Structures are given as C-alpha cells and as structure tokens.
Number of protein chains: 2
Amino acid sequence: MKLCMVGAWGHSIYTLESLPDLPEIELTGLYSGNTDSPGCLLAESQKLGFTPHVYADYVAMLDTENPDIVSIDGRFDEHAFMCIEALRRGIHVFCEKPIALTLSDLEKIEEVWKGGSAKLISMVGLRYDPAMYHAHKLVEQGAIGKIKLIYAQKSYRLGIRPEHFKKRSTYGGTIPWVGSHALDWILWFSGSSFETIFATQSCEDNFDNGELEIAAQCLFTMKSGVLAEASIDYLRPAAAPSHGDDRVRIAGTSGVIEVRGGKIILIDAAGEQVIEPPVPDRKIFSDFVYDIEGKRPALADARQTFDLTRACLLTQKSADEHALIHFSAL
Amino acid sequence: MKLCMVGAWGHSIYTLESLPDLPEIELTGLYSGNTDSPGCLLAESQKLGFTPHVYADYVAMLDTENPDIVSIDGRFDEHAFMCIEALRRGIHVFCEKPIALTLSDLEKIEEVWKGGSAKLISMVGLRYDPAMYHAHKLVEQGAIGKIKLIYAQKSYRLGIRPEHFKKRSTYGGTIPWVGSHALDWILWFSGSSFETIFATQSCEDNFDNGELEIAAQCLFTMKSGVLAEASIDYLRPAAAPSHGDDRVRIAGTSGVIEVRGGKIILIDAAGEQVIEPPVPDRKIFSDFVYDIEGKRPALADARQTFDLTRACLLTQKSADEHALIHFSAL
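Computed from a predicted structure; not experimentally measured.

A.B. asks: Is there a simple way to explain the domain arrangement of chain A in this structure?
C.D. replies: When the parts of a complex come together, some accessible area is lost, and that lost area is often used as the size of the interface. Residue and element names in this part refer to chain A. By domain assignment, chain A separates into domain 1 (2-122) and domain 2 (126-281 + 301-329). Each of domain 1 and domain 2 was reduced to a C-alpha centroid, and the two centroids are 26 Å apart. Residue-level contacts link 17 residues of domain 1 with 16 residues of domain 2. With four residues, the top contributor of residues to the side of domain 1 that touches domain 2 is helix α5 (residues 103-114). Of the residues assigned to the side of domain 1 that touches domain 2, the class counts are 10 nonpolar, two polar and five charged.

Here it is in structure tokens:
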C-alpha cells in the first residue's frame, strides 16, 4: 500500500513508529506546509529507508501519488480540507487531532465520508497508552463492576507554543486540542455517549499566548447514567518529571481503578494493588492499517472519531457560551 | 465555661479530643436523642473526668444548664432547630455538618444569629486535616502562584449506613453531607466565593440505600475566575487502605500542589517534592473556644459557615433540577 504523509506539527511519530512493522507500506510522498519542518520528516523517512517525493502542494501529491493512505499532521486549520480531499478520492485518512475546528467543517467531512468507503481515524491516540490500554482491558473484564463515575485529567507543560496556538481560528481551542484525549477516555471507558455537557475555561494568565485557554473543566452525564468530569490545563511546571500528567480515575460498583504516573492503581475486594502495565500488543497506526486490510478491527473507527470530535466542539461551545448543552435537544 | 453536648451521630470526637487542652471548659450536660448512643458519649465524658447531667430534652438542658457553648451532633434533621434554640439564648454553637438541610432552615438560623452575639461554626472540620492545613499554608505563602484550577475529591466507603441516610428528609443529600468538605476546600483555597454552580448525581446502584446518592460531581466558577470541580462518591471499596480518599489538586501560575493519601505533592520551579505534613498547631474545637475567648480567630466563622451551607444546598438543588445556577441571579 502507498502512504503519503503531511507535516510534523503533532503526532506524525505515531505513523513513523509503526512503519518498521508494516513491510506492506511504502511511503511515497511528503507534503509539508510552509511553516512546519519538512526536513525533519524527510530525514525520519530516509532513516526508515524510504525516498518519498516531496510536494509543495497537497492536492497535487494526492493526484500524482494516488496513495492508499494519507497521514495528516499539518496545520490544524487545514485538517478538515485535507481529510475531505483525501476521502473524496477514496484515500484512507489517519489524521492528527482534531479533524475539524468547527462543527460545519466536521459535517462536511462526515458527508464526504458517508459517500465513499474510505476509512478514517483520529483523536484516539491515547487509547494506546500502555496504562490506559491495560486499564481498559481490566474494566472490560469487570474489575470494578458497573461504572458510576469517571474523572479524566490532562495537564501539560505550556512551554513555548508556536503562533498558531494563540488564535482560536488556527488552534481550535484547548478543549478540543488537549481535552479531546480526556473526552475520548470518558467515551471509551464508559462505552456510552454524552447526554449533557457543561464546561468552563479561562484564557487569563496564559503567559502571553493570545486566545489560548490555559485551563478548562468539563462536567458530563452519559446516556448510560455514568457521571464524568474532565480537568484540562497547561499549568504543569517546566520542572515537572514528565510533559503530561495524564490520569483517569473510574469508580464502579465493585472497585476503583486509576491510571496515574503511567501506572494502574486498582482497589477492589482484595485491597489496593499497583499494576505495571505491559507493553500493548497494538500501535495506533499499524492497528489502522490492519483494520483496512481486514485483519482485525482497530480500537476506534470513523463513527467514533466523528462522535468524539462533535463532543469536543460542543464542549468548547458550552465553555464559550457558558451554557448547558443537552445532546437530545440538538 | 460551661459546655453541653448533643449526641454522637458524627464528629463529636472533634469536641472530645480538645477537652484535655481546655481546662477552662466544664462539660455539664449531655442530651442524647432517642436513637443515638448516649452511653458511648457519657462513657467518653467520664473518661475525661466529667460527670455531666444527662437530659432527655434538649431545650430543658439549655434552660437548666445555661451553657456558654453547645456542641451539636444529633439527628441531622434537628441540627437547625438545635442551632436556633441555642443562638436565641446567646449560646455559642459548634455543630456537625450540615447545620441545615433546607435553604429556609438556613435562613432562619442566620436570622437568629444576626440578632445576637453568639458565635457559630460548622462544616469546616477538614481544614484542620494535617495535609490540607499545611498545603493551605504553602498556597498562602505563594507556593504555586495565582490559583487557576481546583479539583477536590471525597470518596468514602459506603459500609452499613443507618436508616436516616436513606431518606433525603433525614439525610439532606450526599452533596451537603459528603461534598461539603470538598466545597469548603474550594472556598478556602480559592479565597473566593461561588459564581456559577452545576452539579450531577446518581442514586442508582446504591446498594439498597433508598434515596442516598452514591455519586455526585460538581463544576464551579468562582467570582475570582478560578475554575473548580468536585468529585464525590461512596464507592471506595471496603478493602481500601483507608475510609476516605480525600484529595485536593490545585494548579496555579507557578506550580501545582496536591493533597493525596495524607501527603502533599508540590511541583514548582524546583521540580516535584513530596512533603510529610507536620501535626497542625490547631484543633477545630479548641480553635473555636480560643476565638470565643478572644485569643485568636478560628480558621472559619459563622459567615463562612452560612456561605458554605448555602453553596452546598444550592449545589444539591442544581443536581436535583439538573440546572445551572448563577449566584449573581439569586
């Protein structure tokens, strides 16, 4: 299968890390926007033994290479356009989060997707985190009984953010960009969908990062009755022991499971135990390729990607308007 | 000073633990409702060297003993009545949470309090927890800069709950009863007051505990701009290493501080450190007595008790009605 790649603005590493496991994939084309680092992506490709053609135009790359899959990691505000151009050519899409910065762009992607048979995946990279992946297996196996309550946390170092993080029009907002992982864990662990959403945010004290929200919090009810909340911030100090303080705490009728510091803490009828998660037997990009090949379903599909993206954008809307959103009323 | 005590339904231990430090206090009267354990309270009093008179009627006790202070820990649904009867006699009130189960009862207490000079304190017992107390000192000293975001957690073992927990009319709800501590930490650490409240709850899967809510979550904005959320549950397994999993995580502009497992985790420009909190130099009941004596102000006063109780009851109302509450519109 032929693969083309776009940019290295975010998690193009997900694609690159899987290529050694995928002899069936040939990386034939690269497109790098005018402000990302094509050199880096080209160098990484060459290290993996590929000599992709470098394009100055995304659509020209698709038309010339006619790839089976495109991996999109360019400007956030071009994700939607790039997804649409690929899907309408029947090219499978692996895209950095979020696939769309507006609900109308999301609808356009979904419409094109419905009209074809290409697959699409995005937003769910942290289902493949070792601790999250193993915790989810334990929950599926009934480790904590029926889920009642979820707390999901994303806390990042702010660092020096590029200019496109400083405008809503090029960034999309902290809830979709950082919070999408928290919302995805809530959807994935609960196995349900959002019923109501209420969210808050603050862009004050954001260290001169323009419109970037430095903190946000969200409260959800799920259709299943599960209660869930998310806490999102860029306030993790530079001297913290890791970039992100990703957490999930899930309380069920027969136990509480928590992912914190890359470990799993499980409290059940036997007491408390700390579990070191094994290395997952999946990686996100190869999982997507195997799904396309019909070998096994990936952890998420296009439908889940669309639902999650819509939830992120509606949560952002709730925070923007300080208003409660009922999904059933949409 | 003369002290009378009512019941041992909750935290009467707070009063008893301070008596050895307070030679100025004489415990002269006990009133025990018809379903609590007077024997236990009497036995504890006698161990401390007191021979209080035992009353079968609360008002008769107040009128006969005419105490300076009453410590109330009887039926939850009698707290308000007992506070009012004491305050209107000029007796200082130390009361178990919550002082009132309804907003109208709260207003009545406040009205009587305004008409006299007696002091009242309630609801703030966990400000005196060693880790919370020391973390608050660190925050006051600027350890994390300007506070942006707070997460407060109360997770209790359910155990076997007495009958009065199973009806809203005798219990008051999980948000006021368990959640009051979380709301108090939010008020105390932020140094602000609530601007908006939205809360959710669930009484399904409550192990046959009638109307008791097994889980609740709350999302707040504070007048100062701080974002805050609380997670409250009775889902801590019986085999967990402690009764409660009390936590606070506060992210500020120059650090993140967390209280978890009785320890303080501080991340700032110097990296991450775990701090073992010292034993506080205050206990809640002696602090109240010293406040009455004019020796030093306690950590909280009647005004804060009323504000916290009102916030708890409005948060409960938000969860009951699944509606956003704006304080400025009240």
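On we go.
A.B. asks: How do you make sense of helix α5 (residues 103-114) of chain B when you look at a structure like this?
C.D. replies: At 3.6 residues per turn, the α-helix brings residues three or four places apart onto the same side. Residue and element names in this part refer to chain B. Helix length check: α5 (12 residues) gives 16 Å between terminal C-alpha atoms against 16 Å at 1.5 Å per residue, within 8%. The complete set of buried residues in α5 reads Asp105, Leu106, Ile109, Glu110 and Trp113. Down the axis, α5 shows its buried residues gathered within 135° of arc, on one side only. Residues of α5 that are exposed and point over 90 degrees away from its buried face: Ser104, Glu111 and Lys114. At its buried positions, α5 is contacted by α4 (79-87), β6 (120-122) and α11 (302-321).

A.B. asks: How should I be thinking about the sheet that holds strand β9 (residues 215-222) of chain A in this particular structure?
C.D. replies: Within a sheet, adjacent strands bond to each other through the backbone by hydrogen bonds, running parallel or antiparallel. Residue and element names in this part refer to chain A. Strand order across the open sheet formed by nine strands is β14-β13-β12-β11-β7-β10-β9-β8-β15, with mixed pairing between neighbours. Each end of this open sheet is capped by a strand with a single partner; those strands are β14 (271-275) and β15 (325-326). Where strand β7 (residues 147-157) and strand β11 (residues 247-252) come together, six bridges link them in antiparallel fashion. Paired with leucine 149 across the two strands is alanine 251, which belongs to β11. Sitting on the sheet, helix α9 (residues 179-190) is in contact with β7, β9, β10 (227-236) and β11, with an inclination near 160° to β7. Lying over the sheet, helix α11 (residues 302-321) contacts β8 (194-202), β9 and β15, oriented at roughly 55° with respect to β8.

A.B. asks: Looking at this structure, I do not really get the packing of helix α9 (residues 179-190) of chain B against α11(B). What am I missing?
C.D. replies: Packed helix pairs are specified by the crossing angle of their axes together with the interaxial distance, meaning the distance between the axes. Residue and element names in this part refer to chain B. Two numbers describe how α9 lies on α11: the axes approach to 10 Å, and their chain directions differ by 125°. Judged by the angle between their axes, α9 and α11 are oblique. Classified by chirality, the crossing of α11 by α9 is right-handed. Where α9 abuts α11, its residues Gly179, Ser180, Leu183, Asp184 and Leu187 lie against Leu308, Ala311, Cys312 and Thr315. In terms of residue class, the contact of α9 with α11 is built from five nonpolar, three polar and one charged.

A.B. asks: Got a minute to help me understand the relation of the copies chain B and chain A in this structure?
C.D. replies: Both copies of the chain are tied together by a single rotation about an axis and a shift running along it. For the match of chain B to chain A, the screw axis carries a shift of 0.0 Å, the RMSD comes to 0.0 Å, and the turn is 180°. Such a turn and shift between the copies fits a two-fold axis. Across chain B, the smallest distance between a C-alpha and the rotation axis is recorded for Leu219(B), namely 3.2 Å.

A.B. asks: Where do I start with the interface of chain B and chain A in this structure?
C.D. replies: Listed by partner, the interface residues are 38 residues for chain B and 38 residues for chain A. Among the elements of the structure, β7 (147-157), β8 (194-202), β9 (215-222), β10 (227-236), β11 (247-252), β12 (255-260), β13 (263-268) and β14 (271-275) of chain B are those that each provide at least two residues to the side of chain B that touches chain A. For the side of chain B that touches chain A, the leading source of residues is β10(B), giving six residues. When grouped by side-chain class, the residues that make up the side of chain B that touches chain A number 18 nonpolar, 11 polar and nine charged.

A.B. asks: Just to check I follow, could you spell out α4(B) for this structure?
C.D. replies: Residue and element names in this part refer to chain B. Buried residues dominate α4, accounting for eight of its nine residues. Among the residues making up α4, those that are buried are His79, Ala80, Met82, Cys83, Ile84, Glu85, Ala86 and Leu87. Buried residues in α4 make contact with β1 (2-6), α3 (58-65), β4 (69-72), β5 (92-95), α5 and β6.

A.B. asks: Explanation requested: the sheet that holds strand β3 (residues 53-55) of chain B in the structure shown.
C.D. replies: Residue and element names in this part refer to chain B. In space, the six strands of this open sheet follow the order β3-β2-β1-β4-β5-β6, with parallel pairing throughout. A single partner strand is all that each edge strand has here, and the edge strands are β3 and β6. Averaged over all pairs of adjacent strands, the angle between their axes in this sheet comes to 20°, without regard to strand direction. Relative to β4, β1 is paired through four bridges, and the arrangement is parallel. The residue bridging valine 6 from the neighbouring strand is isoleucine 72, located in β4.

A.B. asks: Is there a simple way to explain unusual backbone geometry in this structure?
C.D. replies: For residues besides glycine, phi is generally negative; the peptide bonds are generally trans as well. That bond from Lys97(A) to Pro98(A) is cis: its omega, -25°, falls within 30 degrees of zero. The backbone phi angle of Asn66(B) is positive, close to 45°, even though this residue is not glycine. Judged by local crowding, Asn66(B) falls into the partly exposed class, with 14 C-beta atoms found within 10 Å.

A.B. asks: Would you explain the environment of Phe288(A) in this entry?
C.D. replies: Residues and elements named next belong to chain A. With respect to the secondary-structure elements, phenylalanine 288 resides in helix α10 (residues 284-292). For phenylalanine 288, a count of 27 C-beta atoms within 10 Å corresponds to the buried category. A sequence separation of 60 residues divides phenylalanine 288 from alanine 228, and the C-alpha atoms of the two residues are 28 Å apart. Setting aside residues no more than four positions away along its own chain, phenylalanine 288 makes contact with Phe94, Ile121 and Ala298.

A.B. asks: Just to check I follow, could you spell out the nonpolar core for this structure?
C.D. replies: Note on soluble globular proteins: their nonpolar side chains tend to be buried together. In this structure, Cys83(A) and Cys83(B) are the most contacted members of the largest nonpolar core, which totals 211 residues. Residues within four places of Cys83(B) in sequence aside, it is in contact with Ile72(B), Val93(B), Cys95(B), Ile99(B), Ile109(B) and Leu120(B).

Analysis parameters
- Here the residue index of a chain counts from 1 through its sequence in written order.
- Naming scheme: in the order in which they are written, chains are lettered from A and ligands are numbered from 1.
- The predicted origin of the model limits local features to residues at a pLDDT of at least 70 and limits the giving and counting of side-chain atom pairs to 80 or more, whereas totals for whole chains, interfaces and linings rest on all residues.
- The domain boundaries here were taken from an automatic or database domain assignment.
- With C-beta atoms placed from the backbone, a contact is any residue pair whose C-beta atoms sit within 7 Å.
- Only DSSP runs of H or I with at least four residues qualify as helices, and only runs of E with at least two residues qualify as strands; both kinds are numbered from the N terminus onward.
- For this classification, the nonpolar set comprises Ala, Val, Leu, Ile, Met, Phe, Trp, Tyr, Cys and Pro, the charged set comprises Asp, Glu, Lys and Arg, and every other residue, Gly included, is treated as polar.
- A helix is expected to span 1.5 Å for every residue after the first.
- Note on burial: count the other C-beta atoms lying within 10 Å of the residue's C-beta; 20 or more is buried, 12 or fewer is exposed, in between is partly exposed, and C-beta positions come from the backbone.
- To obtain the arc, one takes the directions from the helix axis to the C-beta atoms.
- By the convention used here, strands pair only if DSSP detects at least 2 bridges between them.
- Only C-alpha atoms enter the line fits that serve as axes; for helices the fit covers just the stretch in contact. Angles between N-to-C directions range over 0 to 180 degrees.
- Relative orientations are named as follows: roughly parallel for angles under 35 degrees, roughly antiparallel for angles over 145 degrees, roughly perpendicular for angles from 65 to 115 degrees, and oblique for any other angle.
- Left-handed describes a crossing whose near helix is turned anticlockwise from the far helix by less than a right angle; the clockwise case is right-handed.
- Least squares is the method for superposing the copies, and the C-alpha atoms it fits come from residues with pLDDT of at least 70 in both.
- Structurally, a nonpolar core is described as a collection of buried Ala, Val, Leu, Ile, Met, Phe, Trp, Tyr and Cys residues joined by way of C-beta atoms within 7 Å.

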